[in-house]
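Summary of structural features
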Amino acid sequence: GWNYYGVAIAGAIVLTLKNVFFVPWYATKVMGIPTNTFTKSLFSGFLAALIIAGFAAIIGKIFIIISLFNLALFLGIISVIYFIFIWYIGFNQSERKIFSHYFPKNTE
């Protein structure tokens with residue numbers, strides 16, 4: 001009874017399951033590497049998605065988003081919190097070094 005929404009939700013579920021379970025397993029078998037090679041990155045991505053969803057739910061309960069400005073403001077807040085989390089928890093030292101090359105250099 002969900003019409004087009006049902007098709008979209010079923011497609012999202014099937015593609016998510018395929019990309020989370022089958023593709024990493026198949027890639028490890030083809031490359032001949034341990035099957036848990038991609039587990040850490042999948043887990044950290046899942047954890048990050050849960051944190052973003054949590055912050056969005058909290059902001060949605062506390063504030064009423066009635067305009068595009070409010071939406072952009074809260075999007076910015078969530079993005080900054082996410083970036084800080086990923087910088088200290090999600091990135092290792094070499095990834096921080098690679099990413100920091102994209103920051104503008106201090107010329108003072």
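Given the structure is predicted, the values throughout are model-derived calculations rather than measurements.

Conventions we followed
- Sequence order sets the numbering: in each chain, residues are counted from 1 along the sequence as written.
- Side-chain atom pairs in this predicted model are given and counted only at pLDDT of 80 or more, local residue features only at pLDDT of at least 70, and totals for whole chains, interfaces and linings cover all residues.
- Calculated side-chain values reflect all of the structure's heavy atoms, with hydrogen atoms and water omitted.
- Two rings from Phe, Tyr or Trp (for Trp, the six-membered ring) form a pair when their centres are within 6.5 Å of each other. A pair whose planes differ by under 30 degrees is stacked, one over 60 is edge-to-face, and the rest are tilted.
- Secondary structure elements follow DSSP: runs of H or I of four or more residues count as helices, runs of E of two or more count as strands, with numbering from the N terminus.
- The buried label applies to any residue whose accessible area, calculated with a 1.4 Å probe on protein chains only, is under 20% of its type's maximum; exposed applies above 50%, and partly exposed to all values in between.
- The patch calculation keeps residues exceeding 30% relative accessible area without a salt bridge and links them within 9 Å when they carry like charges or within 5 Å when they are nonpolar (Val, Leu, Ile, Met, Phe, Trp, Tyr).
- Using a 1.4 Å probe, accessible areas were evaluated by the Shrake-Rupley method; residue-level cover was limited to the displayed protein chains.
- Salt bridges, as used here, are contacts in which a Lys or Arg side-chain nitrogen is within 4 Å of a carboxyl oxygen on Asp or Glu.
- In this analysis an axis means a line fitted to C-alpha atoms, helices contributing only their contacting stretch, and an angle means the value between N-to-C directions, from 0 to 180 degrees.
- The handedness criterion is simple: a crossing whose near helix is rotated anticlockwise from the far helix by less than a right angle is left-handed, and one whose near helix is rotated clockwise is right-handed.
- Residues count as neighbours in contact if any of their non-hydrogen atoms are within 4.5 Å of one another.
- Any residue outside Ala, Val, Leu, Ile, Met, Phe, Trp, Tyr, Cys, Pro, Asp, Glu, Lys and Arg is labelled polar, Gly included; the first ten of those are nonpolar and the last four are charged.
- In summary, the charge assignment counts Lys and Arg as positive and Asp and Glu as negative, without counting His or the chain termini.
- Think of pLDDT as the predictor's per-residue confidence, scored from 0 to 100.

Moving on to the packing of aromatic side chains. As enumerated under the stated definition, the model contains 12 aromatic pairs in all. Look at Phe83 and Phe103: their rings are 6.3 Å apart centre to centre, the planes differ by 75°, and that puts the pair in the edge-to-face class. Pair noted here: Phe83 is in helix H3 (residues 68–90) and Phe103 is in the segment after helix H4 (93–100), with a separation of 20 residues, a long-range link. Since its relative accessible area comes to 34%, Phe83 is described here as partly exposed. We classify Phe103 as partly exposed; its relative accessible area is 35%. Ring plane angle 80° and centroid distance 5.6 Å describe the contact between Phe99 and Phe103, whose orientation is recorded as edge-to-face.

A separate point is a nonpolar patch on the surface. A surface patch of nonpolar side chains, amounting to about 850 Å² of accessible area, comprises Trp2, Tyr5, Ile9, Ile13, Leu17, Val20, Phe21 and Leu42. Broken down by element, the residue count for the nonpolar patch peaks at six residues, all from helix H1 (residues 4–31). Considering the arrangement of structural elements, one finds Ile9 in helix H1. Its relative accessible area of 38% is what places Ile9 among the partly exposed residues.

Here we come to the packing of helix H2 (residues 39–62) against H3. Between H2 and H3, the shortest axis-to-axis distance is 10 Å and the interhelical angle comes to 145°. Crossing angle aside, the handedness with which H2 passes H3 is right-handed. Every residue of H3 that contacts H2 at Leu47, Ala48, Ile51, Ile52, Phe55, Ala56 and Ile59 is listed here: Phe74, Ile77, Ile78, Ile81, Tyr82, Phe85 and Ile86. Of the residues belonging to the contact of H2 with H3, the class tally is 14 nonpolar, no polar and no charged.

As a further point, take the side chain of Arg96. Positionally, Arg96 belongs in helix H4. Of the side chains bearing the opposite charge, Glu95 lies closest to the buried Arg96, which forms no salt bridge; the N-O distance is 7.5 Å. When neighbours within four sequence positions are excluded, Arg96 is seen to be in contact with Trp87, Tyr88 and Phe91.

Moving on, we come to unusual backbone geometry. Note: most peptide bonds trans; most residues except glycine with negative phi. A positive phi is found at Asn3, a non-glycine position, where the angle reads about 55°. Within the fold, Asn3 resides in the segment before H1. When its relative accessible area of 66% is taken as the criterion, Asn3 is described as exposed.

So, on to the confidence of the model for the chain. For the chain, the mean per-residue pLDDT works out to 87, and 98% of the residues sit at or above 70. The lowest-confidence element of the chain is H2, averaging 83 in pLDDT; the highest-confidence one is H1, averaging 92.

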